[in-house]
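Listed below are the residues making up each chain.
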Amino acid sequence: MTAKVTFDQERCKGCELCTAVCPKHIVVIDQDTINSKGYHPATVSDMSQCIACASCARMCPDSVITVEKE
Amino acid sequence: MAIVYQKSAGLTDKQLHYCPGCHHGIIHKLVAESLVELGLLDDAIGVCPVGCSVFAYNYFNCDMQEAAHGRAPAVATGIKRTHPNQPIFTYQGDGDLASIGTAEIVHAAMRGEKFTTIFVNNAIYGMTGGQMAPTTLIGQKATTCPLGRTKEQAGMPIRMAEMLATLDGCVYAERVCVADMANLNKAKKAIKKAFQLQMENKGFTFVEVLSTCPTNWGMTPLKAVEWLKENMAAYYPLGVVKDIETEAK
Ligand SMILES: Cc1ncc(C[n+]2csc(CCOP(=O)(O)OP(=O)(O)O)c2C)c(N)n1
Ligand code: SF4
Ligand code: SF4
Ligand code: SF4
């Protein structure tokens, strides 16, 4: 299985709720990026470990995250 | 690739105005997803409160009506009685529902009005800057109780789900939270169940969702989730308070 997690980073508010629910601990805040709202957005550090459980996406208050798999 | 999860079709593309990590956004999603999954979105009409979720009509992808502060249950009563076959819901905070609008919610439940209320209890007045609500916990600080709420001065916090469950017209009351994935799943199940019972014309249905207000609690969003689990869930027990379906068996 390959999984793909995409973040609509302009919508992200850097709240970190998604980082706390990932069973693989691969959702992190990207300290090197700032969006136009002024937040550091979330991203995935190592996509190969993702199991496409969608926990991160379902917890995000701002519907930033899309999860796909094949 | 197959989509496992994407933004719900029950929500518009508008970006939410809520503070980072505010649970209002998650609760909006659960209501929207439930309406889509039950095939009710096209017919649904929601009624918004006054409070931080005053702009919820911009976010739900169905017909929405704004109500005066606390009066959403009265407005929903009128809408449901003129549209008896459509799913109707109110979305209300604890200042809106348990303070200024207490009479409206109690009487709607007493009359057994056949709509669903999603009650977002964050133990504070969020929109106006963090005043004490009837739901503020003993010892919890707010701008109008800077040393913490005391029983002597303000009484004990009100448990709305239990109170409304005493009324025969209320057929379903459950308290949930969205603090982790297990609880988020339970919250979605409760919201779907409430809409299902409404569509079966059973009576008034009520889902209380314990929610965070990181901004006025003065915490990071993750700290607020921990505080909710440790303090709010201890005083406001999670689970089904009333379900006439299981009671009938
Ligand atoms: C008639 C009237 N009284 C008072 C207010 C001020 N007011 C606006 S929102 C609010 C309370 C909101 O708290 P809550 O319902 O808990 O929602 P939250 O913002 O926490 O989501 C109050 C008292 C008002 N707008 N109208
Ligand atoms: S889909 Fe699951 S495993 Fe993948 S990043 Fe999100 S929470 Fe982690
Ligand atoms: S939960 Fe959503 S808004 Fe919050 S950091 Fe993650 S992606 Fe961004
Ligand atoms: S003030 Fe509180 S309830 Fe209102 S949007 Fe901000 S965090 Fe949410």
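Structure: see above.
Residues numbered from 1 in each chain as written. Chains lettered and ligands numbered in written order. Predicted model: local features only at pLDDT ≥ 70, side-chain atom pairs only at ≥ 80, totals over all residues. Heavy atoms only, no water.

*Asks:* Run through the interface of chain A and chain B, naming residues and quoting values.
*Replies:* The partner chain B presents 31 residues to the 30 residues of chain A that form the contact. Between chain A and chain B, a total of about 2400 Å² is buried, with carbon and sulfur atoms accounting for 61% of that surface. It is Arg11, Arg58 and Met59 of chain A in chain A that bury the most area against chain B; as a group they hold 28% of the surface buried on that side. Taken together, chain A and chain B are joined by 0 salt bridges. Across the contact surface, chain A and chain B share 12 residue pairs in polar contact (both at pLDDT 80 or more). The element contributing the most residues to the side of chain A that touches chain B is strand 4 (residues 65-69) of chain A, with 5 residues. For the side of chain A that touches chain B, the per-class residue count stands at 14 nonpolar, 5 polar and 11 charged. Across 3 bridges, the pairing between strand 4 of chain A and strand 1 (residues 2-5) of chain B is antiparallel. Bridging across to strand 1 of chain B, Lys69 of chain A finds its partner in Ala2 of chain B. (Contact = heavy atoms within 4.5 Å. Buried area = accessible area lost by both parts, 1.4 Å probe. Salt bridge = Lys/Arg side-chain N within 4 Å of Asp/Glu carboxyl O. Polar contact = N/O pair within 3.5 Å; in protein donor to acceptor, adjacent residues only side chain to side chain. Helix = DSSP H or I, 4+ residues; strand = E, 2+ residues; numbered from the N terminus. Nonpolar A, V, L, I, M, F, W, Y, C, P; charged D, E, K, R; others polar. Pairing = 2+ DSSP bridges.)

*Asks:* Mind laying out the site of ligand 2, listing which residues take part and the relevant values?
*Replies:* In the vicinity of ligand 2, the contacting residues are Cys22, Pro23, Ile26, Val27, Val44, Cys50, Ile51, Ala52, Cys53, Ala54, Ser55 and Cys56 of chain A. Its residues assigned to classes, the shell around ligand 2 shows 11 nonpolar, 1 polar and no charged. (Near = heavy atom within 4 Å.)

*Asks:* An account of the site of ligand 4 is needed here, citing residue identities and associated values.
*Replies:* The local shell around ligand 4 consists of Tyr18, Cys19, Cys22, His24, Cys52, Asn122, Gly126, Cys213, Pro214, Thr215 and Asn216 of chain B. No other element matches the 3 residues that helix 8 (residues 214-217) of chain B contributes to the shell around ligand 4.

*Asks:* So what's going on with the environment of Ile45 of chain B? Residues and values would help.
*Replies:* Here Ile45 of chain B lies in strand 2 (residues 45-48). Discounting chain neighbours no more than four positions away, the residues touching Ile45 of chain B are Asp63, Ile79, His83, Gln86, Pro87, Ile88 and Phe89 of chain B.

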